[in-house]
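# Overview (structure and organization)
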Number of protein chains: 2
Amino acid sequence: MDDQSDAGRAEPSRRDLAAMLAPLAQAFATAELPILRAHNLTMWAYVVLITLADNPIRSQARLAAATGADKTRIIPILDDLQARGLIDRYPDPADRRVHLLALTDEGLRLCRAAQAQIQRHEEEVLARIDPADRAGLLRALAALSALPAEEITGDHESPPTP
Amino acid sequence: MDDQSDAGRAEPSRRDLAAMLAPLAQAFATAELPILRAHNLTMWAYVVLITLADNPIRSQARLAAATGADKTRIIPILDDLQARGLIDRYPDPADRRVHLLALTDEGLRLCRAAQAQIQRHEEEVLARIDPADRAGLLRALAALSALPAEEITGDHESPPTP
DNA sequence: TATTGTTATACTCTATAACTATA
DNA sequence: TATAGTTATAGAGTATAACAATA
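Since we're looking at a predicted model, the values are computed, not measured.

## Notes on the overall build of chain A
- Looking only at helices and strands, one finds eight helices and two strands in chain A.
- Seen in sequence order, chain A has helices and strands lined up from the N terminus as α-α-α-α-α-β-β-α-α-α.
- Against the 2.2 N^0.38 benchmark of 15 Å for 162 residues, chain A shows a C-alpha radius of gyration of 20 Å, more extended than a compact globule.
- Per-residue burial over chain A gives 43% buried out of 162 residues.
- Put simply, 50% of the contacts in chain A that link residues at least 6 apart link residues at least 24 apart.
- About 9100 Å² of surface is accessible on chain A, with carbon and sulfur atoms providing 53% of the total.

Put into structure tokens, the structure is as follows:
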């Protein structure tokens, strides 16, 4: 408990994780933009395509949950992707309220092509850090990403204020 | 060059870095919120205090650049912090346009106390991953954070569109 | 003329609420 | 009655533009 007593002024040995992660996420996202532009994709369109490519997703509601986006936000994106022939959207025969989503061949090809170029650039950046640290970074990121978000946030989210 | 030819459909061995980093940054930032609330700090107020604590910053313009925020955005935050006695703000005698900024004793104590609690929570989360990977993660994040942002973004930022 | 800080305004992004159709 | 998708509206957050003081 004595780390409590001197916690008031002591300098920490590292910066906060969010303070390091957020600018890096921003920088890598910025690095994606010219590549996505070259493939005529917005960031959200790319997120949707990759999510559909990596997971078998049925409805728009599930896609919204998987991407963390609001369900109303992905609608114009889906409209555009469908008009360009990158996804198929058709009513579920079992429940005609639901719209089933699927990548077309060209949708899969396009997002994988963009992703390959993005990750090639990322590897160039990662090549600048120590190989052992780089491997640890990738394993740690995968492990942290696999945790349920509440294990990180502590879900002290909305304490009911009565 | 043959990785070009099959890049169209091949599944990558990992997700994009931004796709992993952004949700983690979000989750760790969310974890900070209840702690900051307990110290009566907003996220931006905390960012300002930590930035002043970690770097010797003179003017508001330099603070804005260091935090990545627009100069107009930090003004109401500085007003509040000054009113609460957490920072001092006074004109530079050498150039009376410039407002010099400095943490007060209480400002330093408050942000270090919040930071200690934040990092204690972070360590609990980090304890869940392999110690070697955890060490590699922290070294890799420090190394990547030390890079100029343009080394990650590739500064293909604003191609002049004449 | 150029720069620091400030204020007021406009814009972008995102979520909320209201509606249709299916169940 | 409840849910999936859609549309229209309102709100939060952010940047842009105009201004005063100083150099």
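Anyway, onward from the coordinates.
## With respect to the protein's contact with DNA strand C
- Taken together, the neighbourhood of DNA strand C is formed by 17 residues, with Arg73(A), Arg97(A), Gln60(B), Ala61(B) and Arg97(B) sitting nearest.
- Of everything in DNA strand C that lies within 4 Å of the protein, sugar and phosphate atoms constitute 67%.
- Arg96(A) places a main-chain nitrogen or oxygen 3.2 Å from a phosphate oxygen of DNA strand C.
- With respect to DNA strand C, the side chain of Lys71(B) contributes an N or O atom lying 3.5 Å from a base nitrogen.
- Of the residues belonging to the surface near DNA strand C, the class tally is four nonpolar, five polar and eight charged.

## Regarding the side chain of Asp92(A)
Residues and elements named next belong to chain A.
- Note that aspartate 92 resides in strand 1 (residues 87–92).
- Arginine 58 provides the closest opposite charge to the buried, unpaired aspartate 92, separated from it by 7.5 Å.
- There is a polar contact of 2.8 Å between the side chain of aspartate 92 and the backbone nitrogen of alanine 94.
- Those residues in contact with aspartate 92, other than ones at most four positions away along the chain, are Val98 and Leu100.

## Things to note about the interface of chain B and chain A
- The interface is formed by 59 residues belonging to chain B together with 59 residues belonging to chain A.
- Between chain B and chain A, roughly 5700 Å² of surface is buried when both sides are summed, and carbon and sulfur atoms account for 64% of that area.
- Salt-bridge contacts for Arg14(A) lead to Glu123(B); the nearest nitrogen and oxygen are separated by 2.9 Å.
- In this assembly, chain B and chain A are joined by 20 residue pairs in polar contact (both at pLDDT 80 or more).
- Of all the secondary-structure elements, those providing two or more residues to the side of chain B that touches chain A are helix 2 (17–38), helix 6 (105–126), helix 7 (131–146) and helix 8 (149–153) of chain B.
- Counting residues per element, the side of chain B that touches chain A draws most heavily on helix 6 of chain B, which supplies 15 residues.
- When the residues that make up the side of chain B that touches chain A are grouped by side-chain class, the tally is 32 nonpolar, ten polar and 17 charged.

## Brief notes about the protein's contact with DNA strand D
- Every one of the 17 residues lining DNA strand D counts as a neighbour, but Gln60(A), Ala61(A), Arg97(A), Arg73(B) and Arg97(B) are closest to it.
- One of the side-chain nitrogen or oxygen atoms of Arg89(A) is found 3.1 Å away from a phosphate oxygen of DNA strand D.
- Here Arg97(A) contributes a side-chain N or O atom positioned 3.0 Å from a base oxygen of DNA strand D.
- Contributing elements (two or more residues each) for the surface near DNA strand D: helix 4 (60–67) and strand 2 (95–103) of chain A together with helix 5 (71–83) and strand 2 (95–103) of chain B.
- For the surface near DNA strand D, the residue count by class is four nonpolar, five polar and eight charged.

## Comments concerning helix 5 of chain B
Residue and element names in this part refer to chain B.
- With 13 residues, helix 5 extends 19 Å from end C-alpha to end C-alpha; this agrees with the ideal 18 Å at 1.5 Å per step.
- The set of residues buried in helix 5 consists of Ile74, Ile77, Leu78 and Leu81.
- Buried residues in helix 5 make contact with helix 3 (43–54), helix 4 (60–67), strand 1 (87–92) and strand 2.
- One or two positions beyond helix 5, positive phi appears at glycine 85, with a value near 75 degrees.

## Re the pairing of strand 2 of chain A
Residues and elements named next belong to chain A.
- Where strand 1 and strand 2 come together, six bridges link them in antiparallel fashion. Directly across from isoleucine 87, in strand 2, lies its bridge partner leucine 103.
- Adjacent in sequence and paired antiparallel, strand 1 and strand 2 are bridged by two residues.

## Things to note about unusual backbone geometry
Residues and elements named next belong to chain A.
- Although it is not a glycine, asparagine 40 sits at a positive phi angle of roughly 55 degrees.
- Relative to the helices and strands, asparagine 40 is located in the loop between helix 2 (17–38) and helix 3 (43–54).
- Taking relative accessible area as the criterion, asparagine 40 reaches 59% and is therefore assigned exposed.

Analysis parameters
- Residues numbered from 1 in each chain as written.
- Chains lettered and ligands numbered in written order.
- Predicted model: local features only at pLDDT ≥ 70, side-chain atom pairs only at ≥ 80, totals over all residues.
- Heavy atoms only, no water.
- Helix = DSSP H or I, 4+ residues; strand = E, 2+ residues; numbered from the N terminus.
- Rg over C-alpha atoms; globule rule 2.2 N^0.38 Å.
- Buried < 20%, exposed > 50% of the residue type's maximum accessible area, 1.4 Å probe, protein only.
- Contact = heavy atoms within 4.5 Å.
- Areas by Shrake-Rupley, 256 points an atom, 1.4 Å probe, with all protein chains shown as cover.
- Near = heavy atom within 4 Å.
- Polar contact = N/O pair within 3.5 Å; in protein donor to acceptor, adjacent residues only side chain to side chain.
- Nonpolar A, V, L, I, M, F, W, Y, C, P; charged D, E, K, R; others polar.
- Lys, Arg positive; Asp, Glu negative; His and termini not counted.
- Salt bridge = Lys/Arg side-chain N within 4 Å of Asp/Glu carboxyl O.
- Buried area = accessible area lost by both parts, 1.4 Å probe.
- Expected span 1.5 Å × (residues − 1).
- Pairing = 2+ DSSP bridges.

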